[in-house]
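Residues per chain, in single letters:
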Amino acid sequence: LLEKNPRLNKRWNNLQKREQKLGARERGLRENDYTFLHKLILKYFTVLEEIPAEGFITMEEVNFAERFLELCIDLQAQLPTRRFFNTLLLDTHIIVRSAQSTLAQREQEGHLYCELLKMVRFYSKFEIDDLEGNPLTETQMLSHHYDQVLSLQKQCFAHFKELEELALANISQVDSRDSLLGYLRSLNNRRLHELAHHLNLLGPYGEAKHKSSFILEVIVSYHETRMSQMDEINAMPLYPTEEILWDENVVPNEFFSGEGCLALPKLNLQFLTLHDYLLRNFNLFRLETMYEIRQDVEDAVLRLCPFITSDQSTQFSGWARMALPVSKFSIVEVAKPHVGKNHPSRVRADVTINLDIRRNIATEWDSLRKHDVCFLLTIDALSTSPTYSSRKPFLEQVRLRYLRG
């Protein structure tokens, strides 16, 4: 970092000179300030290692881990603190250690933890120059990625003859996660550590002992190709699905107490770039819309009053103004994807419903036109009783298997 930034190196030398002029007491007080974040990170690693893979777990440990990741997000999402904290975050490999922790493997207790970890990973690779604060274009990010992979190939060519094929291959052939894992899995623990040391990712072999899986993930996560922010936005579904719509860590319900943290972007007084400002507002507006959709869906489903019949099928004893059971459904066309896309360009289906309802309501259904938004739901009743309460959580009363817009 200092070699690439002469101005920063000059300031660092001046700071060291001023430190030498201080007394022992003042130097000790300042050292506590300088090492606070690093000590907090080591404490965080200790807590993660104490969490078992199965069995009982104290919520104090989970809350500490979640709050620590929330602190990391806040420090990275503002330029004055991001300038140096992002370097510390990458040097201590917080993301890799967190992703391989036992808490991240626990489906129930670690769900919010994994959502926060996604935000930390997103901001760690944000399209901005950490020191200058200038936004980076996609071409600049791609050039930086090529420099990283080229550095890996040079080290492999100079010191690792068993990776000669990796060193001589085209960058586009080796910068994916699968291809990097395929090449590097042939190395033993010592050779992997030596490669990471040559790439300035870990210290010399023998200083600290790491598992091969950890070293492999450090190297791969640093050199694998990344998806641009615009591609990530374009890959988002146009309509929400049942997975995110009832994810209370992202879209909280009315029972949320406010004591815990949420995996939501924050609107601060300062933003990294104009794109960061627009992206946070876009995500919050999207989540607010999801909350309104969820309320409408819950209201309509509870009014239908689904119940289990004697043959274990789901029937409806109630009715809702704008919700009707589907009599017949069939997909008639799945068009091929456009060039450069992974999803079908068009999906057409025939949906048959019975409009044996009051005339004024049937008129509203007949007035539906192209581009009007409708949702298809697959519902399984959980009880033989058609009695429901709006004061209880929705998913405890009805199992909603699929929701598609």
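Calculation criteria
- Residues numbered from 1 in each chain as written.
- Predicted model: local features only at pLDDT ≥ 70, side-chain atom pairs only at ≥ 80, totals over all residues.
- Heavy atoms only, no water.
- Helix = DSSP H or I, 4+ residues; strand = E, 2+ residues; numbered from the N terminus.
- Buried < 20%, exposed > 50% of the residue type's maximum accessible area, 1.4 Å probe, protein only.
- Contact = heavy atoms within 4.5 Å.
- Areas by Shrake-Rupley, 256 points an atom, 1.4 Å probe, with all protein chains shown as cover.
- Lys, Arg positive; Asp, Glu negative; His and termini not counted.
- Charge placed at Lys NZ, Arg CZ, Asp CG, Glu CD.
- Axes fitted to C-alpha atoms, helices over the stretch in contact; angles between N-to-C directions.
- Parallel < 35°, antiparallel > 145°, perpendicular 65-115°, else oblique.
- Left-handed = near helix turned anticlockwise from the far one by under 90°.
- 1 Å grid on protein atoms, 1.4 Å probe; cavity = no way out; pocket = protein on both sides within 12 Å on 5 of 7 lines; lining within 4 Å.
- Points joined across faces, edges and corners; volume = space filled by probe spheres on them.
- Nonpolar A, V, L, I, M, F, W, Y, C, P; charged D, E, K, R; others polar.
- Core = buried A, V, L, I, M, F, W, Y, C linked by side-chain atoms within 4.5 Å.
- Expected span 1.5 Å × (residues − 1).
- Patch = residues over 30% accessible without salt bridge, like charges linked within 9 Å, V, L, I, M, F, W, Y side chains within 5 Å.
- Salt bridge = Lys/Arg side-chain N within 4 Å of Asp/Glu carboxyl O.

Draft legend 1. The arrangement of the overall build of the protein chain in detail. Helix and strand counts for the protein chain come out as 18 helices and six strands. If you line up the protein chain on its principal axes, its C-alpha atoms span 85 × 55 × 45 Å. Out of the 405 residues belonging to the protein chain, those deemed buried represent 36%. Contacts in the protein chain between residues far apart in sequence, at least 24 positions, make up 62% of those at least 6 positions apart. Surface summary for the protein chain: the accessible area is close to 25800 Å², and the carbon and sulfur share equals 52%. Each charge sign in the protein chain was given a centre, from 49 positive and 55 negative side chains, and these centres are 4 Å apart.

Draft legend 2. Inspection of the packing of helix α5 (residues 79-92) against helix α8 (residues 111-124) at higher detail. For the pair α5 and α8, interaxial distance at closest approach is 11 Å and the crossing angle is 115°. One way to sum up the angle between α5 and α8 is to call them roughly perpendicular. Judged by the twist between their axes, the crossing of α5 over α8 is left-handed. For the pair formed by α5 and α8, the contact residues are Arg82, Asn86 and Leu89 on the first element and Val120, Tyr123 and Ser124 on the second.

Draft legend 3. View of the layout of surface pockets. Estimated volume of the second largest pocket: approximately 2200 Å³. What lines the second largest pocket is a set of 49 residues, and nearest its centre among them are Cys374, Phe375, Leu376, Arg404 and Gly405. Of all the secondary structure elements, the ones that give two or more residues to the lining of the second largest pocket are α15 (229-235), α17 (274-304), β3 (326-334), β4 (347-353), β5 (376-381) and β6 (398-404). Examining the composition of the lining of the second largest pocket, we find that eight residues originate from one element, α17, more than from any other. Of the residues contributing to the lining of the second largest pocket, the split by class is 33 nonpolar, seven polar and nine charged.

Draft legend 4. Geometry of the nonpolar core. If you look at the biggest cluster of nonpolar residues, it comprises 34 residues, and the most contacted ones within it are Tyr44, Phe68, Leu69, Leu103 and Tyr113. Of all the elements in the fold, those that place two or more residues in this core are α3 (36-50), α4 (59-76), α5, α6 (94-99), α7 (102-105) and α8. In this structure Tyr113 touches Tyr44, Leu48, Ala65, Glu66, Leu69, Ser98, Ser101, Leu103 and Ala104, once residues within four positions along its chain are discounted. Of all hydrophobic cores here, the second largest spans 27 residues; its members include Cys156, Leu181, Ile215 and Val218.

Draft legend 5. Representation of helix α14 (residues 212-223) within the structure. Taking 1.5 Å of rise per residue, twelve residues should cover 16 Å, and α14 covers 17 Å from first to last C-alpha, within 8% of that figure. Where α14 is concerned, the buried positions are Phe214, Ile215, Leu216, Val218, Ile219, Val220, Ser221 and His223. Where α14 is buried, its residues touch α6, α9 (138-159), α12 (177-184) and α13 (189-198).

Draft legend 6. Geometry of a nonpolar patch on the surface. A contiguous nonpolar surface patch, about 730 Å² in accessible area, is contributed by Val326, Phe329, Ile331, Val334, Val347, Val351, Ile353, Leu355 and Leu376. For the nonpolar patch, the element with the most residues is β3, which contributes four residues. When you line up the elements, Leu376 lands in strand β5.

Draft legend 7. Main features of unusual backbone geometry. With phi around 55°, His93 is a residue other than glycine that occupies positive phi space. Its identity as a non-glycine residue notwithstanding, Asn200 has a phi of 60°, on the positive side. Its relative accessible area of 69% is what places Asn200 among the exposed residues.

Draft legend 8. A look at α4. With 18 residues, α4 extends 26 Å from end C-alpha to end C-alpha; this agrees with the ideal 26 Å at 1.5 Å per step. Within the span of α4, buried status applies to Glu61, Val62, Ala65, Glu66, Phe68, Leu69, Glu70, Cys72, Ile73, Leu75 and Gln76.

Draft legend 9. Quick look at the environment of Val149. Structurally, Val149 can be placed in helix α9. Between the C-alpha atom of Val149 and that of Lys370, which follows or precedes it by 221 residues, the distance is 48 Å. Setting aside residues up to four positions removed in sequence, Val149 forms contacts with Ile171, Val174, Asp175 and His223.

Draft legend 10. Molecular detail of the side chain of Ser124. If you trace the backbone, Ser124 turns up in helix α8. Apart from residues no more than four positions distant in its own chain, Ser124 is found in contact with Gln76, Arg82, Asn86, Leu89 and Ile95.

Draft legend 11. The packing of α3 against α4, seen in detail. It is the contact of α3 with α4, at a shortest axis distance of 10 Å, that shows an interaxial angle of 145°. The hand of the α3/α4 crossing is left-handed. Residue-level inspection shows Leu37, Leu40, Ile41, Lys43, Tyr44, Val47, Leu48 and Glu50 of α3 in contact with α4, the latter providing Glu61, Phe64, Ala65, Phe68, Leu69, Leu71 and Leu75. Its residues assigned to classes, the contact of α3 with α4 comprises twelve nonpolar, no polar and three charged.

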